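A structural walkthrough
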Amino acid sequence: MGREPVEHGVEDAQPVDNARAALRRELPCAGPLELERALDQAALHVPEMLLLLRNARAPGTALTRIAEDGRWLQHGRVCRLLAQHPNLPPATSSLVLRHLRCNVLLQTAMNP
């Protein structure tokens, strides 16, 4: 009586799903150090990044790392939240603003 066969990769997905669920629980109330560490986790995808960016305690160093990683700037919602974050360093904001479209810039300016 062995285990039933599973599709390739389905078993491997379980630890990643657990890691993503843990991140989703922790990111909204995490402190600056935990947020910095979260950036190095493979389980960090767009939904988790949006939670990280909604955390007002995200340090400027973490926000700069996000802005310098081109894969995050391809996502409009990530870009918008990054541009609106109160801890975004001024030097980094110009990099982020270059990636926002004009209509998103208007919405961001009108809804701080």
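Residues numbered from 1 in each chain as written. Predicted model: local features only at pLDDT ≥ 70, side-chain atom pairs only at ≥ 80, totals over all residues. Heavy atoms only, no water.

Details of the overall build of the protein
- For the protein, the count of helices and strands is eight helices and zero strands.
- Across the protein, helices and strands are ordered from the amino to the carboxyl terminus as α-α-α-α-α-α-α-α.
- Here the protein holds 112 residues, and 34% of them are scored as buried.
- Across the protein, contacts joining residues at least 24 apart in sequence account for 56% of those joining residues at least 6 apart. (Helix = DSSP H or I, 4+ residues; strand = E, 2+ residues; numbered from the N terminus. Buried < 20%, exposed > 50% of the residue type's maximum accessible area, 1.4 Å probe, protein only. Contact = heavy atoms within 4.5 Å.)

Some points on the packing of helix α4 (residues 60-68) against helix α7 (residues 90-97)
- Relative orientation of the contacting elements α4 and α7 amounts to 30°, with a least axis distance of 10 Å. In terms of their interaxial angle, α4 and α7 are classed as roughly parallel. Of the two possible hands of crossing, α4 and α7 adopt the one that is left-handed. Contact residues: Leu63, Thr64, Ala67 and Glu68 in α4; Thr92, Leu95 and Val96 in α7.
- Along the lines of polarity and charge, the residues of the contact of α4 with α7 split into four nonpolar, two polar and one charged. (Axes fitted to C-alpha atoms, helices over the stretch in contact; angles between N-to-C directions. Parallel < 35°, antiparallel > 145°, perpendicular 65-115°, else oblique. Left-handed = near helix turned anticlockwise from the far one by under 90°. Nonpolar A, V, L, I, M, F, W, Y, C, P; charged D, E, K, R; others polar.)

Describing the pattern of salt bridges
- Summed over the entire model, instances satisfying the criterion amount to five salt bridges.
- One salt bridge in this structure joins Arg65 and Asp40, with 2.5 Å as the shortest N-O distance. Here Asp40 lies in the loop between α2 (32-38) and α3 (46-54) and Arg65 lies in helix α4, a separation of 25 residues in the sequence.
- According to the relative accessible area criterion, Arg65 is partly exposed, its value standing at 34%.
- Look at Asp40 and you get exposed, because its relative accessible area is 57%.
- If you follow the salt bridges from partner to partner, you end up with Arg20, Arg24 and Glu48 in one network. (Salt bridge = Lys/Arg side-chain N within 4 Å of Asp/Glu carboxyl O.)

Thoughts on the nonpolar core
- Counting residues in hydrophobic clusters, the biggest one holds 26 residues, and the most contacted among them are Met49, Leu52, Leu53, Ile66 and Leu82.
- Setting aside residues no more than four positions away along its own chain, Leu82 makes contact with Leu53, Leu63, Ile66, Ala67, Leu73, Leu88 and Val96. (Core = buried A, V, L, I, M, F, W, Y, C linked by side-chain atoms within 4.5 Å.)

Here we look at the confidence of the model for the protein
- With 79% of its residues at a pLDDT of 70 or more, the protein shows a mean pLDDT of 82.
- This stretch, residues 1-11, has a pLDDT under 50; its non-local contacts, to residues over four places away or in other chains, come to two contacts. (pLDDT = per-residue confidence, 0-100.)

Brief notes about the side chain of Thr92
- Residue placement: Thr92 occurs in helix α7.
- Those residues in contact with Thr92, other than ones at most four positions away along the chain, are Leu63, Thr64 and Ala67.

Focus on the packing of α3 against helix α6 (residues 76-84)
- Their axes nearest at 9 Å, the elements α3 and α6 cross at an angle of 10°. In terms of orientation, α3 lies roughly parallel with respect to α6. Along the contact surface, α3 presents Val46, Met49, Leu50, Leu53 and Arg54, while α6 presents Arg77, Val78, Leu81 and Leu82.
- Of the residues that constitute the contact of α3 with α6, the class distribution is seven nonpolar, no polar and two charged.

Some points on the environment of His45
- Here His45 lies in the loop between α2 and α3.
- Sequence separation between His45 and Trp72 is 27 residues; the distance between their C-alpha atoms is 9.1 Å.

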